[in-house]
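The lines below spell out each chain.
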Amino acid sequence: MSGAGRNRPVPRFSGALSSGYHSPQLEVAVRLNTNEAPEPPPREFVAALSAAVDKLALNRYPDRRATGLRAALADQHGVGADQIFCANGSNEVIQSLLLAYGGPGRSCVVFEPTYALHSHIARLTSTTIVEGERDAGYLIAPSELAATLARAAAVGEGEPAIVFLCSPNNPTGLIEPDETVAAVLAAAPGLVVVDEAYVQFARRSVLELVGGNENLVVLRTFSKTWSLAGLRLGYAIGAPDVVEACFEAALPYHLDAVQQEAGILAVGFSAAMDARVARLVAGRARVLAGLATLGLDATPSESNFILFSTGDRDAHAVWEGLVARSVLIRDLSGWPRLGGHLRVTIGTPEENDAFLAALAEVLG
Ligand SMILES: *Cc1c(COP(=O)(O)O)cnc(C)c1O
């Protein structure tokens, strides 16, 4: 018999059957939907990177432990290099953490609404997700924290392996208050992962708590502040044990030589990045004021995006009206808990003005 007839589709692993993560990429003039930096990285950085790539021995495998990059980041943050794990975006850091600490019979906790990738990657690693609900102000009430941890303790092996926080939270832009972080650290038996992808736009970070808390892991990325989303570089700062667990879970040589070189060089351009952040924070104030002028209710963001409600106007129709004017923002109105809401990324002054002008027309 020949091998003919083998055309049944192979059933997919059920965990992969979720809808996944999609932000439609339409051809538009003004793209404010994925929280990227509007400016390219500094020209001097790109020139230095080209020169460095020219010298790389690409026939060789990269440094598996990313020694130089971890040392540069450790220096920048005043921590030990053994406290840093780098990967392909903070998304791969999240995956490594879930592979190392999650899995069948284990649970993780998220407080919705929050960054969809925490639960999406948990699902891919067969980690049970226990969802807590944020209150009307998008914060975590102490009673909800206790109730959610109790529910997680009843799952599988008991006790959540990871509690995810996001500060500033995507999509609300709010930081987790100090009391919340302290309460979670006190109550959570497993790892507490604080995703700080946007922290440079915020008043404060929880990084200084890492030294005193073996269970705290802080996530950072080059994707937003550093104008380097295309590079796919993120990292965790945590206890050396956690870093080693991540190394074991990641594929060997997962971080390529160019990424490592680019990360090392980027750290040398901190001042240029700070200037970019300052421009975006100014843009954020301008967009917040513009939304208020249009009579729209916006969440006071500490990030490079703003969540706002379209009030009695249909949010999806407003989003479509903006697309018709070549402005793409994020339509969250179909998401649980976010009915009537849209999210706009802060762009260049011209892009911000184009967004506000188009929005005024749509609402007009
Ligand atoms: C954009 C974003 C990231 C970035 O992920 P990368 O994989 O580093 O690009 C991480 N966390 C949150 C909350 C984000 O919004």
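Quick summary incoming for the structure in this document. Note that the coordinates shown come from a computational prediction; the quantities given were computed from them, not determined experimentally. (Residues numbered from 1 in each chain as written. Predicted model: local features only at pLDDT ≥ 70, side-chain atom pairs only at ≥ 80, totals over all residues. Heavy atoms only, no water.)

### Things to note about the overall build of the chain
This is how the line gets drawn: The numbering of helices and of strands both runs from the N terminus, where a helix is a DSSP run of H or I of at least 4 residues and a strand a run of E of at least 2. Computation of the radius of gyration draws on C-alpha atoms, with the globule rule given as 2.2 Å multiplied by the number of residues to the power 0.38. A simple rule labels every residue: compare its accessible area, found with a 1.4 Å probe on the protein chains alone, to the largest value its type can have, and call it buried under 20%, exposed over 50%, or partly exposed in between. Charge assignment: positive for Lys and Arg, negative for Asp and Glu; neither His nor the chain ends contribute. Every charge is mapped onto a representative atom, which is NZ of Lys, CZ of Arg, CG of Asp or CD of Glu.
Secondary structure summary: the chain contains 11 helices and 13 strands in total. The C-alpha radius of gyration computed for the chain amounts to 21 Å, which stays within 12% of the reference 21 Å derived for 364 residues, consistent with globular compactness. Judged by the C-alpha coordinates and their principal axes, the chain covers about 65 × 60 × 55 Å. Taking all 364 residues of the chain together, the buried fraction comes to 51%. Taking the average location of the 28 positive side-chain charges in the chain and that of its 39 negative ones, the two points are 6 Å from each other.

### Topic: the sheet that holds strand β13 (residues 341-345)
To keep things clear, this is the line we draw: Strand pairing follows a simple DSSP-based rule, namely that at least 2 bridges must link the two strands. In what follows, residue pairs with any heavy atoms lying within 4.5 Å of each other are defined as contacts. Axes here mean lines fitted to C-alpha atoms, for a helix over just the part in contact, with angles spanning 0 to 180 degrees between N-to-C directions.
Spatially, four strands are ordered β9-β10-β13-β12 in an open sheet, and the strand pairing comes out antiparallel. Single-partner strands in this sheet number two, and they are β9 (297-298) and β12 (330-331). Relative to β13, strand β10 (residues 305-309) is paired through five bridges, and the arrangement is antiparallel. Counterpart to Leu307 in the pairing with β13 is Arg343. Along the sheet, helix α10 (residues 315-324) contacts β12 and β13; its crossing angle with β13, the most-contacted strand, is approximately 35°.

### Re the site of the ligand
Note the cut-off: One heavy atom within 4 Å of a molecule or strand makes the whole residue count as near it. A 3.5 Å cut-off defines polar contacts: any pair of N or O atoms within that distance qualifies, except that in protein one atom must be a possible hydrogen donor and the other a possible acceptor, and neighbouring residues in sequence count only when both atoms are side-chain atoms. To measure how exposed things are, a 1.4 Å probe is used in the Shrake-Rupley method; for residues, cover is taken only from the protein chains shown.
Of all residues adjacent to the ligand, which total 13 residues, the nearest are Ser90, Tyr198, Thr221, Ser223 and Lys224. At 3.0 Å from an oxygen atom of the ligand is found a main-chain nitrogen or oxygen belonging to Asn91. Between the ligand and the protein, one listed contact pairs an oxygen atom with a side-chain N or O atom of Ser223 at 2.6 Å. If the ligand stood free it would expose 390 Å²; the protein chains cover 94% of that surface. Sort the elements by how many residues they give to the shell around the ligand and helix α3 (residues 89-101) lands first, with three residues.

### So, the nonpolar core
Rules: Within this scheme, the nonpolar core is defined by two criteria: the residues are buried Ala, Val, Leu, Ile, Met, Phe, Trp, Tyr or Cys, and they are joined through side-chain atoms within 4.5 Å.
Counting 43 residues, the largest nonpolar core has Leu73, Leu165, Val192, Leu216 and Phe222 as the members making the most contacts within it. Broken down by element, this core gets its largest block of residues, four residues, from helix α2 (residues 67-77). Setting aside residues up to four positions removed in sequence, Leu73 forms contacts with Ile84, Cys86, Phe222, Tyr235 and Val267. One finds Val30, Tyr198, Ile346 and Phe355 within the second-largest nonpolar core, a separate group that totals 30 residues.

### A short note on the packing of α2 against helix α8 (residues 257-267)
Filter applied, for reference: Should an angle lie under 35 degrees it is considered roughly parallel, over 145 roughly antiparallel, and from 65 to 115 roughly perpendicular; all remaining angles are considered oblique. Left-handed describes a crossing in which the near helix is turned anticlockwise from the far one by less than a right angle; the clockwise case is right-handed.
Contact geometry for α2 and α8: axes closest at 8 Å, N-to-C directions at 25°. The angle between α2 and α8 places the two elements in the roughly parallel class. Helix-helix and strand crossings are classified by hand; for α2 and α8 the assignment is left-handed. Of the residues in α8, those touching α2 at Gly68, Leu69, Ala72, Leu73 and Gln76 are Gln260, Gly263, Ile264 and Val267.

### Structural notes on helix α9 (residues 270-293)
Applied cut-off: Between the first and last residue of a helix there are one fewer steps than residues, each counted as 1.5 Å, and that sum is the expected span.
For α9, spanning 24 residues, the distance from its first C-alpha to its last is 35 Å, which sits close to the expected 34 Å at 1.5 Å a residue. Here α9 has its buried residues at Met273, Arg276, Val277, Leu280, Gly283, Arg284, Val287, Gly290 and Leu291. Of the surrounding secondary structure, the elements contacted by the buried residues of α9 are β9, β10, β13 and α11 (349-363). Downstream of α9 by a residue or two, Gly295 has a phi angle that is positive, lying close to 80°.

### Let's talk about the sheet that holds strand β7 (residues 216-221)
Pairing within the open sheet is mixed, and its seven strands lie in the order β2-β8-β7-β6-β5-β3-β4. Each edge of the open sheet carries a strand with a single partner, namely β2 (84-87) and β4 (128-133). Taking the axes of each pair of neighbouring strands and ignoring which way they run, one obtains an average angle of 25° across the sheet. Where β7 meets strand β8 (residues 234-237), four bridges bridge the pair, whose relative direction is antiparallel. Across the sheet, residue Leu219 finds its bridge partner in β8, namely Ala236. The strands that α2 touches are β2, β7 and β8; relative to β2, the one it contacts most, it runs at about 125°. Of the strands in this sheet, β5 (162-166), β6 (191-195) and β7 are in contact with helix α6 (residues 178-187), which crosses β5 at around 175°.

### Observations regarding α3
In this model, α3 (13 residues) spans 19 Å end to end at C-alpha, consistent with the 18 Å of a helix rising 1.5 Å per residue. Along α3, the positions that sit buried rather than exposed are Gly89, Ser90, Glu92, Val93, Ile94, Ser96, Leu97, Leu98 and Tyr101.

### Details of the environment of Leu219
Structurally, the position occupied by Leu219 is in strand β7. Counting along the chain gives 83 residues from Leu219 to Ala136, while the straight-line C-alpha distance between them is 26 Å. When residues no more than four places from it in sequence are discounted, the contact partners of Leu219 are Val93, Ile94, Leu97, Val193, Val194, Asp195, Glu196, Ala197, Tyr235 and Ala236.

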